[in-house]
Amino acid sequence: QVQLVESGGGLVQAGGSLRLSCAASGRTFSTYAVGWFRQAPGKERELVASTSWRSVNTYYADSMKGRFTISRDNAKNTVHLQMNSLKPEDTAVYYCAADSSPYRGVLSSGENVSWGQGTQVTVSS
């Protein structure tokens, strides 16, 4: 079982940037796909971005393309989400997730993943 701890959330003005980090421990990190989800109040959790176990493949939700960048540092067991040009509609709790099975492509849903506790991102207008 992997443990995931997010950091880097906070309050930012529209147009600003934040960098979220997720530190993993408990098992080999490099062989698992990872990703970021978010959940806004009253809405379902949605996949924001994901990268495969060797970062060969990367996925971004349409509304994040060109603004968000996911990256992983396997040597440090960390995954980051750089968020630029933030909008009020990006306000949500952001969750780090790791696949439960190794050597697979990008995450496509929240099934069969391990979750972090979440970090709040608030974008003011």
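Now for a quick tour of the structure.

Calculation rules
Within every chain, residues take consecutive numbers counted from 1 along the sequence as written. Residue-level local features of this predicted model are given only where pLDDT is at least 70; pairs of side-chain atoms are given and counted only at 80 or more, and the full residue set underlies all totals for whole chains, interfaces and linings. Only hydrogens and water are set aside; all other atoms, that is, all heavy atoms of the structure, feed into the side-chain values. Where helices and strands are cited, they refer to DSSP runs of H or I of at least four residues and of E of at least two residues respectively, numbered from the N terminus. Each residue is assigned to one of three classes by its accessible area relative to the maximum for its type, calculated with a 1.4 Å probe on protein chains only: buried under 20%, partly exposed between the two thresholds, exposed over 50%. Residues are treated as being in contact if the distance between any of their heavy atoms lies within 4.5 Å. Surface accessibility follows the Shrake-Rupley procedure with a 1.4 Å probe radius. Residue values consider only the protein chains on display as shielding. We count Lys and Arg on the positive side and Asp and Glu on the negative side, and we leave His and both chain ends out. Charged side chains are reduced to one point each, which is NZ for Lys, CZ for Arg, CG for Asp and CD for Glu. Only a pair of cysteine sulfur atoms within 2.5 Å counts as a disulfide in this structure description. The salt bridge criterion pairs a side-chain nitrogen of Lys or Arg with a carboxyl oxygen of Asp or Glu, the two atoms within 4 Å. Two rings from Phe, Tyr or Trp (for Trp, the six-membered ring) form a pair when their centres sit within 6.5 Å of each other. Planes less than 30 degrees apart are called stacked, planes more than 60 degrees apart edge-to-face, and all others tilted.

### Considering the overall build of the protein
Part 1 of the reasoning: Looking only at helices and strands, the protein has 0 helices and 11 strands in total.
Part 2 of the reasoning: If you list the helices and strands of the protein from N to C, you get β-β-β-β-β-β-β-β-β-β-β.
Part 3 of the reasoning: Counting only C-alpha atoms, the protein reaches 40 × 25 × 25 Å along its principal axes.
Part 4 of the reasoning: Going through the 125 residues of the protein one by one, you find that 45% of them count as buried.
Part 5 of the reasoning: Taking all contacts inside the protein whose residues are at least 6 apart in sequence as the whole, residues at least 24 apart take part in 60%.
Part 6 of the reasoning: For the protein, the computed accessible surface area is about 6200 Å², with 46% contributed by carbon and sulfur atoms.
Part 7 of the reasoning: The protein carries 12 positive and 9 negative side-chain charges, and their two centres are separated by 6 Å.

### Concerning the state of the cysteines
Part 1 of the reasoning: A full pass over the atoms with the stated rule returns 1 disulfide.
Part 2 of the reasoning: The side chain of C22 participates in a disulfide bridge whose partner is C96; the two sulfur atoms lie 2.2 Å from each other. Taking the sign of the S-S torsion, -85 degrees for the link of C22 and C96, the bridge is left-handed. With C22 in strand β3 (residues 18-25) and C96 in strand β9 (residues 92-99), this residue pair connects regions lying 74 residues apart in the sequence. Grouping residues by exposure puts C22 and C96 together as buried.

### Concerning the pattern of salt bridges
Part 1 of the reasoning: As enumerated under the stated definition, the model contains 5 salt bridges in all.
Part 2 of the reasoning: The partner of R38 in a salt bridge is E46, with the nearest N and O atoms 2.7 Å apart.
Part 3 of the reasoning: Assessed through its relative accessible area of 7%, R38 is described here as buried.
Part 4 of the reasoning: Residue class for E46 comes out partly exposed when judged on its relative accessible area of 34%.
Part 5 of the reasoning: Notably, a salt bridge pairs D90 with R67, separated by 2.7 Å at the nearest N-O pair. In this pair, D90 sits in the loop between β8 (78-83) and β9 while R67 sits in the loop between β6 (58-60) and β7 (68-73), placing the two residues 23 residues apart along the sequence. The two residues D90 and R67 agree in class, both being buried.
Part 6 of the reasoning: Shared partners join several salt bridges into a network, and the residues in it are R38, E46, R67 and D90.

### Some details on the packing of aromatic side chains
The description of two aromatic rings rests on the distance between their centres and on the angle between their planes.
Part 1 of the reasoning: The tally for this structure, following the rule as stated, stands at 3 aromatic pairs.
Part 2 of the reasoning: Both rings, one in F37 and one in W115, keep their centres 4.9 Å apart while their planes meet at 70 degrees; by these two values the pair is edge-to-face. Residue F37 is located in strand β4 (residues 34-39), and its partner W115 is located in strand β10 (residues 113-115); the two are separated by 78 residues in the primary sequence.
Part 3 of the reasoning: Taking relative accessible area as the criterion, W115 reaches 31% and is therefore assigned partly exposed.
Part 4 of the reasoning: Judged by centre distance (4.9 Å) and plane angle (85 degrees), the rings of W53 and Y103 are edge-to-face. One end of the pair, W53, is in the loop between β5 (46-51) and β6; the other, Y103, is in the loop between β9 and β10, and 50 residues separate them in sequence.

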